[in-house]
Amino acid sequence: MEGNKDEALRCIGIAKEAIASGNKQRALKFIRIARRLNSDLSVEDLLAACENLESSTPESSSELGNVENMKNVTSSVKSDEVSDGEELSEEHVQLIRQIKVKKDYYAILGLEKGCSVEEIRKSYRKLSLKVHPDKNKAPGSEEAFKKVSKAFKCLSDDDLRRQYDQTGLTEGFGIINSIMAFFGRSDMFRTAHVYRTRTNAAPQREDLGSTGPNLLLLLQLLPFLLIILLAYLPFSEPEYSLQKNYQYQFRKITDEHGVEYFVKSQEFDQKYPPGSPDRDNIEDHVIRDYKNM
């Protein structure tokens, strides 16, 4: 994995700095970690350099020359410094690797799906201390800490956890929930969950288990779908108005009862000639609207 290779190279850099400073134990430690992270990396030169540290005496001129040469070799290597008391250990590196490859929130927190809220909180408190960037200097600790926090935020919330258990997703539900709340359907997922539970409990309803919740979901989304449909349907304005306004300027009078009404264009008589069935139909509507008003 590319992430493991980057972590291995970082450990190689730390090992080179340890060799340059004459710290054989620290150098060997990070060489071993690098080999576990990526077995393809060549570390023979570093191991040989560690052996040279062991065979040389600190006071000899050859020792000083070797150290100076190693400083030149590692001058281009840049890595984060590890402070005293916060030594980067193999346990730290392995923990970060495990969290980074996991996708399931329960697996990230090291829990089973049926765990209690208290177990979730306890696991989060323990794990967050181990992966916090201030405590864990392993590469990728910040990303791992964010994943742990995200998993806790989802599983510690009843609604988000219910949605995650049913769909495996949490992203994008905010918009759906807002829509459902607008239509008074905030309990949509809870209702579907209850329906599914009752279906499983009653063998005689087993054939409805796969379609019941889907049908219920469709029915609850129906008002929203109708609004969208109406918004995109073509809308035609009425041909007349009983009141004169900026749009309806041209005055007309029905042949029967002499009801006054207004139209939008002088071409109205050409489109609906007097005495034609279409004109009679419009004037019938005018008279009926006038009576209702």
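Every chain begins its residue count from 1, and numbering advances along the sequence as written. pLDDT decides what is reported in this predicted model: residues at 70 or higher carry local features, side-chain atom pairs at 80 or more are listed and counted, and totals for whole chains, interfaces and linings draw on all residues regardless. Based on all heavy atoms of the structure, the side-chain values leave hydrogens and waters out of the count.

A.B. asks: Residues and numbers for the sheet that holds strand 2 (residues 250–253), please.
C.D. replies: We call two strands paired when DSSP finds no fewer than two bridges between them. Secondary structure elements are taken from DSSP: a helix is a run of H or I of four residues or more, a strand is a run of E of two residues or more, and numbering for both begins at the N terminus. Pairing is antiparallel across the open sheet formed by three strands, whose spatial order is 1-3-2. A strand with exactly one partner marks an edge of an open sheet, and here the two such strands are strand 1 (240–241) and strand 2. Relative to strand 3 (residues 260–263), strand 1 runs antiparallel, the two sharing two bridges. Bridging across to strand 3, Ser241 finds its partner in Phe262.

A.B. asks: Lay out the pairing of strand 3 in plain terms, naming residues and giving numbers.
C.D. replies: A regular strand places its side chains on the two faces of the sheet in alternate fashion. Bridge count for strand 2 against strand 3 is four bridges, and the pairing is antiparallel. Bridge pairing in strand 3 links Arg251 to Phe262. Where strand 2 hands over to strand 3, the hairpin turn is made up of six residues, of which His257 adopts a positive phi near 75°.

A.B. asks: Give me the lowdown on the pattern of salt bridges, citing residues and values where you can.
C.D. replies: As a working rule, side chains carrying opposite charge can pair if their charged atoms are close by. Put simply, a salt bridge is a Lys or Arg side-chain nitrogen that is within 4 Å of an Asp or Glu carboxyl oxygen. Under the defined criterion, the tally for this structure stands at nine salt bridges. Lys100 is paired through a salt bridge with Glu7; the nearest N and O atoms lie 3.5 Å apart. One end of the pair, Lys100, is in helix 5 (residues 90–101); the other, Glu7, is in helix 1 (residues 2–20), with 93 residues separating them in the sequence. The shortest N-O distance in the salt bridge between Glu283 and Arg279 comes to 3.2 Å. A residue pair is termed a helical-turn pair when its members lie 3 or 4 positions apart in one helix, as Glu283 and Arg279 do in helix 14 (residues 277–292) at four residues.

A.B. asks: Describe in detail unusual backbone geometry, supporting the description with residues and values.
C.D. replies: Unusually for a residue other than glycine, His257 sits at a positive phi of about 75°. Its location among the elements puts His257 in the loop between strand 2 and strand 3.

A.B. asks: I'd like a rundown of the packing of aromatic side chains, residues and numbers included.
C.D. replies: Paired rings are identified among Phe, Tyr and Trp, the last through its six-membered ring, by centres lying within 6.5 Å, and are further divided according to the angle between planes into stacked (under 30 degrees), edge-to-face (over 60) and tilted (the rest). Across all of its chains, the model carries six aromatic pairs by this definition. Centroid distance Tyr106 to Tyr164: 6.1 Å. Interplanar angle 45°. Geometry classified as tilted. Of the two residues, Tyr106 sits in helix 6 (residues 105–108) while Tyr164 sits in helix 9 (residues 158–167), which places them 58 residues apart along the sequence. Neither residue differs from the other here; Tyr106 and Tyr164 are each classed as buried. Judged by centre distance (6.3 Å) and plane angle (70°), the rings of Tyr261 and Phe268 are edge-to-face. In this pair, the class of Tyr261 matches that of Phe268, namely buried. For the exposure calls, accessible area comes from a 1.4 Å probe over protein chains only, and a residue counts as buried if that area is under 20% of its type's maximum, exposed if over 50%, partly exposed in between.

A.B. asks: Residue-level account of the confidence of the model for the protein chain, with values.
C.D. replies: Low-pLDDT stretches of the model should not have their predicted coordinates read in fine detail. You can read pLDDT as the predictor saying how much it trusts each residue, on a scale of 0 to 100. A residue-level look at the protein chain finds 70% of positions with pLDDT of 70 or above and a mean pLDDT of 75. Here helix 4 (residues 61–73) stands out as the least confident element of the protein chain, with mean pLDDT 44; strand 3 is the most confident, with 93. Two residues qualify as a contact provided that any one of their heavy atoms is within 4.5 Å of a heavy atom in the partner residue. With pLDDT under 50 throughout, residues 185–197 is counted as low confidence; its partners more than four residues away or in other chains account for 26 contacts.

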